[in-house]
Amino acid sequence: MVIKIGNKKISKNDPCIISFEAGATFGTFAGAKELIKAAADAGADAIKFQTLLPGYADRLMGKKDIKIDYTTKDGKKQELVYDALKRRELSIEEWKELVKYSKDNGLVFITTPEFIDSVDFLEDIGVDVIKVSKGDIDNVLLIEKIAKSGLPIILDGREKFSDVEIGIKICEENKLRILFDPIIIVNEIKKKKKIEIKNNKFILAAGRLTKQKNFSFLIDCFKEINVKFPQLKLLIL
């Protein structure tokens, strides 16, 4: 199966797509363009933003006195979350220009919408992919709205798998192909059978079960180790 997003293809025969997470880290329109250029120069395939339009900070922040601490090259700083979000609000024309600038630099443009009414304008300005955030994985109305747009969807799988399954079903009903976010679903792992580790010795490996992690090579090596040390067990998380 081949999935096309923007000018890139996703399949078992194509290289891994590397996306730069810009999120809401930019402070100005010019700053956002600098991030796009830096991602392209670094060899990234895509860039992902958190889309904020004028007025979104007020809609998102019921309490406007919440502060956040962060570290800069000049030391630690503190500011209101509301102010940080407000600085990152861009007009529709500015977002349209960022999409074009990304594509001119060979990048796939991925974004996360904050509200259902964001989807129409994202479709209009030509984004390539929409990601549903962890917090919206059970937002059926939002997922259904995105699905009807026909754009590829990335579903964040870090919540209850039953909620993820609902999102998958909505996408399938709209004949969409789904790009699974390759994050370990912690809530599902917690349900698995507990492993008795007392009085046992393990070689522990942790990571996603992907080709890049090459756990098959680890298993082959462990076969030889286990001949000399039969008391050892291999545990892959």
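Cut-off values and rules
- Residues numbered from 1 in each chain as written.
- Predicted model: local features only at pLDDT ≥ 70, side-chain atom pairs only at ≥ 80, totals over all residues.
- Heavy atoms only, no water.
- Helix = DSSP H or I, 4+ residues; strand = E, 2+ residues; numbered from the N terminus.
- Buried < 20%, exposed > 50% of the residue type's maximum accessible area, 1.4 Å probe, protein only.
- Contact = heavy atoms within 4.5 Å.
- Areas by Shrake-Rupley, 256 points an atom, 1.4 Å probe, with all protein chains shown as cover.
- pLDDT = per-residue confidence, 0-100.
- Expected span 1.5 Å × (residues − 1).
- Arc of directions from axis to C-beta.
- Phe/Tyr/Trp six-rings, centres within 6.5 Å; stacked < 30°, edge-to-face > 60°.

Chemist: Provide a residue-level description of the overall build of the protein, including the pertinent values.
Modeler: Scanning the protein from terminus to terminus reveals 9 helices and 12 strands. Relative to its 237 residues, the protein shows a buried fraction of 36%. Here the analysis covers contacts within the protein between residues at least 6 apart in sequence; of these, 62% occur between residues at least 24 apart. Of the roughly 14800 Å² of accessible surface on the protein, 55% is carried by carbon and sulfur atoms.

Chemist: Tell me about the confidence of the model for the protein, and name the residues and values.
Modeler: For the protein, mean pLDDT is 82; residues scoring 70 or higher make up 85% of the total. Element-level mean pLDDT values for the protein span from 51 in helix α8 (residues 186–189) up to 96 in helix α4 (residues 92–104).

Chemist: An account of the side chain of lysine 48 is requested, with residue identities and associated values reported.
Modeler: Following the sequence through the fold, lysine 48 ends up in strand β4 (residues 46–50). With sequence-adjacent residues up to four places away left out, lysine 48 is seen in contact with Ser19, Phe20, Glu21, Ala22, Gly23, Ile110, Thr111, Thr112 and Lys131.

Chemist: Hey, could you go over α4 for me, with residue numbers and the actual values?
Modeler: With 13 residues, α4 should reach 18 Å at 1.5 Å per residue; the first-to-last C-alpha distance of 18 Å fits that figure. Of the residues making up α4, those classed as buried are Trp95, Leu98, Val99 and Ser102. Take α4 and look down its axis: the buried residues cluster within an arc of 100 degrees, on one side only. Of the exposed residues in α4, the ones pointing more than 90 degrees away from its buried face are Glu93 and Asp104. Next to the buried residues of α4 lie α1 (29–41), β4, β7 (108–112) and α5 (118–125). Looking one or two residues past α4, glycine 106 carries a phi angle of roughly 80 degrees, positive in sign.

Chemist: Lay out the packing of aromatic side chains with the relevant residues and their values.
Modeler: A complete count under the given rule lists 5 aromatic pairs for this structure. On the basis of an interplanar angle of 75 degrees and a centroid distance of 5.9 Å, the ring pair of phenylalanine 49 and tryptophan 95 is categorised as edge-to-face. With phenylalanine 49 in strand β4 and tryptophan 95 in helix α4, this pair connects stretches of sequence that are 46 residues apart. Using a relative accessible area of 0% as the deciding quantity, one classes phenylalanine 49 as buried. On the basis of relative accessible area, tryptophan 95 is assigned to the buried category, the value being 1%.

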